[in-house]
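# Examination of the molecular architecture
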Amino acid sequence: QIQLTESGGGLVQPGGSLRLSCAAPGANFMFFNMGWYRQVAGNEREMVATFNGDWSTNYADSVKGRFTISQDTSARIVYLQMNDLKTEDTAVYFCNAHNAYNDITYWGQGAQVTVSS
């Protein structure tokens with residue numbers, strides 16, 4: 001079992017930027033595929049950005065060109081750089097780790113991102 005801790009959320013105006021961090025001290029990135037999901041109250045959780053096993057990336061159409069997922073492998077931190085934020089990006093953002101060997105998925109506690117003028 002691993003622990004995922006998100007940080008960096010907050011309140012920003014439309015057009016602003018935030019960088020979310022996910023600390024995953026127990027996750028060996030050779031075994032875990034990391035990613036970010038988000039959820040709005042009343043809606044289902046949706047994929048935002050993920051790494052594949054070969055470190056290629058996947059992005060939701062709604063965030064392509066604005067969000068970038070990256071990682072510091074030695075520090076075991078995954079980042080989500082969010083630029084040109086829009087009001088529809090408002091959600092709770094969750095760090096996700098999927099163990100490709102045993103098919104177990106882990107979630108962080110969530111970080112609130114609010115985009116409002």
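Residues numbered from 1 in each chain as written. Predicted model: local features only at pLDDT ≥ 70, side-chain atom pairs only at ≥ 80, totals over all residues. Heavy atoms only, no water.

## A few points about the overall build of the protein chain
For the protein chain, the helix and strand inventory stands at zero helices and 11 strands. When the helices and strands of the protein chain are listed from N to C terminus, the series reads β-β-β-β-β-β-β-β-β-β-β. Computed over its C-alpha atoms, the radius of gyration of the protein chain comes to 13 Å, within 12% of the 13 Å expected for a compact globule of 117 residues. For the protein chain, the spread of C-alpha atoms along the three principal axes comes to 45 × 25 × 25 Å. Considering the protein chain as a whole, with its 117 residues, one finds that 38% of them fall into the buried category. Across the protein chain, every contact between residues at least 6 apart in sequence was considered, and the portion connecting residues at least 24 apart equals 55%. As presented, the protein chain carries roughly 6,200 Å² of accessible surface, and 46% of it is formed by carbon and sulfur atoms. (Helix = DSSP H or I, 4+ residues; strand = E, 2+ residues; numbered from the N terminus. Rg over C-alpha atoms; globule rule 2.2 N^0.38 Å. Buried < 20%, exposed > 50% of the residue type's maximum accessible area, 1.4 Å probe, protein only. Contact = heavy atoms within 4.5 Å. Areas by Shrake-Rupley, 256 points an atom, 1.4 Å probe, with all protein chains shown as cover.)

## Side note on the pattern of salt bridges
Summed over the entire model, instances satisfying the criterion amount to five salt bridges. A salt bridge links Lys64 to Asp61, with the nearest nitrogen and oxygen atoms 3.1 Å apart. The class for Asp61 is exposed, based on a relative accessible area of 66%. One network of salt bridges, in which partners are shared, links Arg38, Glu46, Arg66 and Asp89. (Salt bridge = Lys/Arg side-chain N within 4 Å of Asp/Glu carboxyl O.)

## Observations regarding the environment of Ser117
By secondary structure assignment, the location of Ser117 is in the segment after β11 (111–115). Residues Ser117 and Ala24 lie 93 residues apart in sequence; the distance between their C-alpha atoms is 33 Å.

## Some remarks on the state of the cysteines
For the structure shown, the criterion picks out one disulfide. Residue Cys22 pairs covalently with Cys95 via a disulfide, S to S 1.9 Å. One disulfide, between Cys22 and Cys95, carries an S-S torsion of -80 degrees and so falls in the left-handed class. In this pair, Cys22 sits in strand β3 (residues 18–23) while Cys95 sits in strand β9 (residues 91–99), placing the two residues 73 residues apart along the sequence. For the residue pair Cys22 and Cys95, the accessibility class agrees, reading buried in each case. (Disulfide = S-S within 2.5 Å.)

## Section: unusual backbone geometry
In this structure, Arg76 takes a positive phi of about 55 degrees despite not being glycine. With relative accessibility at 28%, the residue Arg76 sits in the partly exposed group. Unusually for a residue other than glycine, Asp84 sits at a positive phi of about 50 degrees.

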